[in-house]
Amino acid sequence: MTEFVILVNPQDEVQGLMEKQEAHRKGLLHRAFSVFIFNSDGEMLLQRRASTKYHSPNLWTNAVCSHPREGETYKDAAIRRMKEELGISTEVEKKFHFIYKAEVGGGLWEHELDTVFVGEYNGPFSPNPAEVSELRFVSLDRLSEEISQSPEQFTEWFKIILNEFQQFLLKNKIK
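Residues numbered from 1 in each chain as written. Predicted model: local features only at pLDDT ≥ 70, side-chain atom pairs only at ≥ 80, totals over all residues. Heavy atoms only, no water.

*Asks:* So what exactly am I meant to see when it comes to helix H4 (residues 156-171) here?
*Replies:* One turn of the α-helix equals 3.6 residues, which is why residues spaced by three or four share an orientation. The end-to-end C-alpha distance of H4, which contains 16 residues, comes to 23 Å, matching closely the 22 Å that a straight helix rising 1.5 Å per residue would cover. The set of residues buried in H4 consists of Trp157, Phe158, Lys159, Ile161, Leu162, Phe165, Phe168 and Leu169. Once H4 finishes, lysine 173 follows within two positions and takes phi at roughly 55 degrees, a positive value. (Helix = DSSP H or I, 4+ residues; strand = E, 2+ residues; numbered from the N terminus. Expected span 1.5 Å × (residues − 1). Buried < 20%, exposed > 50% of the residue type's maximum accessible area, 1.4 Å probe, protein only.)

Right, here's the structure in full:
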């Protein structure tokens, strides 16, 4: 099935649809979402992307990142992708959105209006091996150390989104 992304302007007004890889080659602004999942100990879930992913394979990233489909809300898309990638269902809450652009290798760009969701989950996972090769929980302090020591082990967008998330927590005085 050919996947399309929803092209938007900075105000999130729809500009059209484009095949996903073409939009990534051209670096055009499109809708996306990111999900951060925490366990009851406050640790963040990370996934290692499958080796077969067309960009950024084998790199660590947040629980889920993807794109809503035409006619789908950001939240519905986030819930759908958690099920498809991780085999889980949990409630998520929108926290903020922002725009970023990052080169992801192979002449591809992520230029996204990214809506960030947060949820908690403590149950079992059933990861899709076509999407995810490994899962783990990590404290935010340990994660910062790992990114500082080995930034090449993490997706470019995750490093950007994590920084935005940490700024959001500071600005809103959330621990």
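*Asks:* Where do I start with the pairing of strand S1 (residues 4-8) in this structure?
*Replies:* Side-chain direction in a regular strand flips from residue to residue, so the side chains alternate between the two faces of the sheet. Judged by how many residues are buried, S1 sits mostly within the fold: 4 of 5 residues are covered. Looking at chain direction, S1 and strand S2 (residues 14-19) are connected through 5 bridges and run antiparallel. Bridge assignment links isoleucine 6 to a residue of S2, and that residue is leucine 17. Linking S1 back to S2 in an antiparallel pair, the connection comprises 5 residues, with aspartate 12 at a positive phi of about 65 degrees. (Pairing = 2+ DSSP bridges.)

*Asks:* Help me understand the nonpolar core in this model?
*Replies:* Nonpolar side chains in soluble globular proteins generally cluster together in the buried interior. Phe36, Met44, Leu46, Leu143, Phe158 and Phe165 are the most contacted members of the largest nonpolar core, which totals 24 residues. Secondary structure elements with two or more residues in this core: strand S3 (30-38), strand S4 (44-49), strand S7 (92-105), strand S8 (108-120), helix H3 (140-149) and H4. Of the residues forming this core, the biggest block, 7 residues, is contributed by H4. When near neighbours in sequence (up to four residues on either side) are disregarded, phenylalanine 165 contacts Phe36, Phe38, Met44, Phe96 and Val118. (Core = buried A, V, L, I, M, F, W, Y, C linked by side-chain atoms within 4.5 Å. Contact = heavy atoms within 4.5 Å.)

*Asks:* It is not clear to me how the pairing of S8 should be interpreted in this structure. Could you clarify?
*Replies:* Of all 13 residues that make up S8, 11 are buried, and the element is covered over most of its length. The sheet contact formed by S7 and S8 spans 12 bridges and is antiparallel. By the bridge assignment for S8, glycine 105 is matched with leucine 108. In this structure, the hairpin formed by S7 and S8 is closed by a connection of 2 residues, where glycine 106 is found at a positive phi of approximately 65 degrees.

*Asks:* Could you clarify how one ought to interpret the side chain of arginine 31 in this entry?
*Replies:* Along the chain, the position of arginine 31 falls in strand S3. A distance of 2.7 Å separates polar atoms of two side chains, one belonging to arginine 31 and the other to aspartate 12. One polar contact links arginine 31 to tyrosine 74, side chain to side chain, over a distance of 3.4 Å. For arginine 31, the contacting residues outside a window of four places in its chain are Ile6, Val8, Asp12, Val14, His67, Pro68, Tyr74 and Leu113. (Polar contact = N/O pair within 3.5 Å; in protein donor to acceptor, adjacent residues only side chain to side chain.)

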